[in-house]
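# Summary of the model geometry
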Amino acid sequence: MSYLKFEKALMTNLQESLPRELLRTNRSGAYSCSTIVDCNTRKYHGLLVVPVPELDDDNHVLLSSLDVTVVQHGAEFNMGLHKYQGNNYSPKGHKYIKEFDCNKVPTTIYRVGGVILKKEVVFQHYEDRILIRYTLVDAHSSTILRIRPFLAFRSVRQFTHENSVASRDYQSVDNGIKTCMYPGYPELFMQFSKENEFMFKPDWYRGVEYPKEQERGYASDEDLYVPGYFELDIKKGESIVFAASISESSTDTLNELFDTEVDKRTPRDNFFHCLVNAAHQFHIHEKNDDRYILAGYPWFKCRARDMFISLPGLTLSIEEQYYYELVMKTAQKGLDEFMEGKPLSVKIYEMEQPDVPLWAIWCLQQYAKEAGMQKCLEMYGPFMKRIMTFIEKGNHPNLKIMDNALVYTNGTDKAVTWMNSTVNGKPVVPRTGYIVEFNALWYNALKFCASIAILAKKNKEAEHLEKMAEKCRKSFLDMFMNEYGYLFDYVGGNDKDWSVRPNMIFAVALDYSPLEQDQKKSVLDVCTRELLTPKGLRSLSPKSGGYNPMYVGPQPQRDYAYHQGTAWPWLGGFYMEACLKLYKRTRLSFIERQMVGYEDEMLNHCIGTIPELFDGNPPFNGRGAISFAMNVAEILRTLELLEKYNFK
């Protein structure tokens, strides 16, 4: 039985099917995303969404959707589905869906009377080309397919509306047409694997509505341009491939190309394989051979902190050390440029955040555990030395080593940690001064780099780092440990933040901890009692002031809730690592049960992956971005840790 399969009862129930989304990417920045019934519910949805660097830094929806109509004996059965203003759904093609399966590629089976039509979708790797194969499984009389494209040619952050500027021109190409609505955009090629007739009947479909944007308090409707429709006959047992691309396709090889792309896919037949597929979707391979890890879909870019936190789980945990090294090569170039004060030549955002170099050291530490300390020294020893020297010399504009050997950061007016939500230009959580995870990471970095220095036989350097680490450890305990058995979230001047937040878990989970054993257990116990949910750790305890666990409503309302009680799976990954370090095999069954909570998400939200965050209160609904790299990464890393402990 297929792992990701939905029967007719669910598919025809829009209350159940519309919240379930489907994401396909090409590993070069383009993607295809909609709901499992092909009804777009976000402005970010589209069948072909591609970057257009000539225009801006955003992705752009070229082909919004494709309506397929089956024609028999003059009767038309439209398989499309759109939401229009006034809560009207049309043409309600979902009622013809027999089943949906997403094992290797998304496959929908439609049944109209005696007609059974199978639709399979695949996104070609490293090309901006979506391929759809239609197979007439059964039919008792001659059948015609009528395929109507809905075009947008707009940024994912905007809407298009009926206008007189949009070009209606098109040119015939092999088995299809090419068209471009506005200057500056690439031409869109729409072609088939067999001859067809294009009927030019231009029109605007007005008032298409996106309910997810309504929920978020944004404008939510647009008009889509339909240039006409393609018409072609199809025989029982025949397969026809449709290609939409920004470059011309060789139509006589489309069937072969489709089969080749399907063969490359790993079946999503269990929890682990779903996560591996999700991990690969974050890969970005630029034409200049730079490699990136995207922070999430559909609106995130490559962010430095996210990249360093995600990289080990998305690569090393699934035995893809080669890709780790490719991404790290790009990341190293970017971080070196930042440290040297040069403009960045790589597309990595937020490199200036003060904890980025600290997370880079942690990321390299994970490489050492997989590839060996000697290999890490050979590959990245000088790079780590440059990072530590950069910090020690005080060259970072917002990360300073104080006399107590702790690091200090100013976050009063600008969000500088992963808790980065802002309202009216001010941080919602203004963490400033001595920040708990920064200093836990700093202590860990000192100890790890000291061990690397010993391996490199640089004893004076190792002695210097060990001495600083010991001073840092004592200061950490004095600064952060309070009488209630947990850690202050930050200490700025005389201001101590007593809020119970998950950032203290890093002081327990990291390989080198400044805490004593009983202190680790105390911190972990507080996290367990007040922060743990089936979907990760809450960003704030329900007992702390300002607890706001529901990430819903207009943007300002969601910004206030973003880090005030919502649950984050990636934090749960570090929590579970801390559990295993403290309690070893006795916690294996507990952690396996925690994994069940994440496996449930494979059939919800965006199927086969993990969303950005969850509500902090039951029923812990998934919210935010539909697929989030740090969450997928930490769950994969936890699964790897489980496997290692199970084999000990």
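Above this text is the structure in question.
Overview of the structure. (Residues numbered from 1 in each chain as written. Predicted model: local features only at pLDDT ≥ 70, side-chain atom pairs only at ≥ 80, totals over all residues. Heavy atoms only, no water.)

### What to know about the overall build of the chain
On a plain count of helices and strands, the chain comes out with 17 helices and 35 strands. Expected size for 648 residues packed as a compact globule is a radius of gyration near 26 Å; at 26 Å, the chain falls within 12% of this value. A burial count over the chain gives 64% of its 648 residues as buried. Here the analysis covers contacts within the chain between residues at least 6 apart in sequence; of these, 66% occur between residues at least 24 apart. For the chain, the exposed area adds up to about 24,400 Å²; of that, 48% sits on carbon and sulfur atoms. Both charge centroids of the chain, one from 77 positive and one from 83 negative side chains, sit 4 Å from each other. (Helix = DSSP H or I, 4+ residues; strand = E, 2+ residues; numbered from the N terminus. Rg over C-alpha atoms; globule rule 2.2 N^0.38 Å. Buried < 20%, exposed > 50% of the residue type's maximum accessible area, 1.4 Å probe, protein only. Contact = heavy atoms within 4.5 Å. Areas by Shrake-Rupley, 256 points an atom, 1.4 Å probe, with all protein chains shown as cover. Lys, Arg positive; Asp, Glu negative; His and termini not counted. Charge placed at Lys NZ, Arg CZ, Asp CG, Glu CD.)

### Quick notes on the sheet that holds strand β27 (residues 434-435)
Taking strand neighbours across the sheet as the criterion, the three strands line up as β27-β28-β29 in an open arrangement whose pairing is antiparallel. The sheet is open, and its two edges are formed by β27 and β29 (495-496), each paired on a single side. Bridge count for strand β28 (residues 490-492) against β29 is two bridges, and the pairing is antiparallel. Residue pairing across strands places Gly 492 opposite Asp 495, the latter belonging to β29. (Pairing = 2+ DSSP bridges.)

### Some points on the sheet that holds strand β14 (residues 170-173)
In spatial order, the strands read β1-β9-β10-β11-β12-β19-β16-β15-β14; together these nine strands make up an open sheet with antiparallel pairing. Since the sheet does not close on itself, it has two edges, and those belong to β1 (5-7) and β14, each with one partner. Strand-to-strand twist in this sheet, taken as the mean axis angle between neighbours without regard to direction, amounts to 15°. (Axes fitted to C-alpha atoms, helices over the stretch in contact; angles between N-to-C directions.)

### A look at the packing of helix α6 (residues 304-315) against helix α17 (residues 629-646)
Between α6 and α17, whose axes approach to 7 Å, the crossing angle comes to 35°. The way α6 lies across α17 gives a crossing that is left-handed. Along the contact surface, α6 presents Asp 306, Ile 309, Ser 310, Pro 312, Gly 313 and Leu 314, while α17 presents Ala 629, Met 630, Val 632, Ala 633, Glu 634, Leu 636 and Arg 637. For the contact of α6 with α17, the per-class residue count stands at eight nonpolar, two polar and three charged. (Left-handed = near helix turned anticlockwise from the far one by under 90°. Nonpolar A, V, L, I, M, F, W, Y, C, P; charged D, E, K, R; others polar.)

### Some points on unusual backbone geometry
For the peptide bond that leads from Ser 90 to Pro 91, omega is 0°, which places it in the cis range. Here the phi dihedral of Arg 27 falls at roughly 65°; this positive angle occurs in a residue that is not glycine. Along the chain, the position of Arg 27 falls in the loop between β2 (21-25) and β3 (31-35). Judged by relative accessible area, which is 18%, Arg 27 ranks as buried. Of note, the phi angle at Lys 457 is positive, near 60°, even though the residue is not glycine. The class of Lys 457 is exposed, set by a relative accessible area of 73%.

### Considering the state of the cysteines
Applying the stated criterion across every chain yields a total of zero disulfides. Free cysteine: Cys 33, not disulfide-bonded; nearest cysteine sulfur from Cys 606 at 5.6 Å. Take Cys 33: its relative accessible area is 2%, and that puts it in the buried class. As a non-bridged cysteine, Cys 472 has Cys 449 as the owner of its nearest cysteine sulfur, 13 Å distant. Its relative accessible area of 0% is what places Cys 472 among the buried residues. (Disulfide = S-S within 2.5 Å.)

### Looking at the packing of aromatic side chains
Within the structure shown, the criterion is met by 39 aromatic pairs. Ring centres 6.3 Å apart and planes at 55° place the aromatic pair Trp 299 and Phe 300 in the tilted group. The residues Trp 299 and Phe 300 share a single accessibility class, namely buried. Between the aromatic rings of Phe 506 and Trp 570, the centroid separation amounts to 5.9 Å while the plane-to-plane angle is 35°, which identifies the pairing as tilted. One end of the pair, Phe 506, is in helix α12 (residues 506-509); the other, Trp 570, is in helix α15 (residues 569-583), with 64 residues separating them in the sequence. Judged by its relative accessible area of 1%, Phe 506 is buried. (Phe/Tyr/Trp six-rings, centres within 6.5 Å; stacked < 30°, edge-to-face > 60°.)

### Digging into the side chain of Thr 135
Turning to its location among the elements, Thr 135 is positioned in strand β12 (residues 129-138). With relative accessibility at 11%, the residue Thr 135 sits in the buried group. Thr 135 has contacts with Ile 116, Leu 117, Lys 118, Glu 120, Glu 238 and Ser 239, leaving out every residue within four places of it along the chain.

### Let's talk about the environment of His 396
Mapping His 396 onto the fold places it in the loop between α9 (373-392) and β23 (400-401). We classify His 396 as buried; its relative accessible area is 0%. Sequence-wise, His 396 and Arg 111 are 285 residues apart; in three dimensions their C-alpha atoms are separated by 63 Å. With residues up to four places along the chain from it excluded, the contact list for His 396 reads Phe 338, Glu 352, Gln 353, Pro 354, Pro 357 and Phe 390. Reaching out from His 396, the side chain makes a polar contact with the backbone oxygen of Glu 352 at a distance of 3.3 Å. (Polar contact = N/O pair within 3.5 Å; in protein donor to acceptor, adjacent residues only side chain to side chain.)

### Here's the deal with the pattern of salt bridges
In the structure shown here, the tally under the stated rule is 45 salt bridges. Among the ionic pairs, Asp 203 bridges to Arg 206, the shortest N-O distance being 3.7 Å. A residue is classified by how much of its surface remains accessible, and Arg 206, at 46% relative accessible area, is partly exposed. When the shortest N-O distance is used, the salt bridge between Lys 375 and Glu 325 registers 3.7 Å. Placement of the pair is Lys 375 in helix α9 and Glu 325 in helix α7 (residues 321-339), with a sequence separation of 50 residues. (Salt bridge = Lys/Arg side-chain N within 4 Å of Asp/Glu carboxyl O.)

As far as function goes, none of this settles anything; it's purely spatial.
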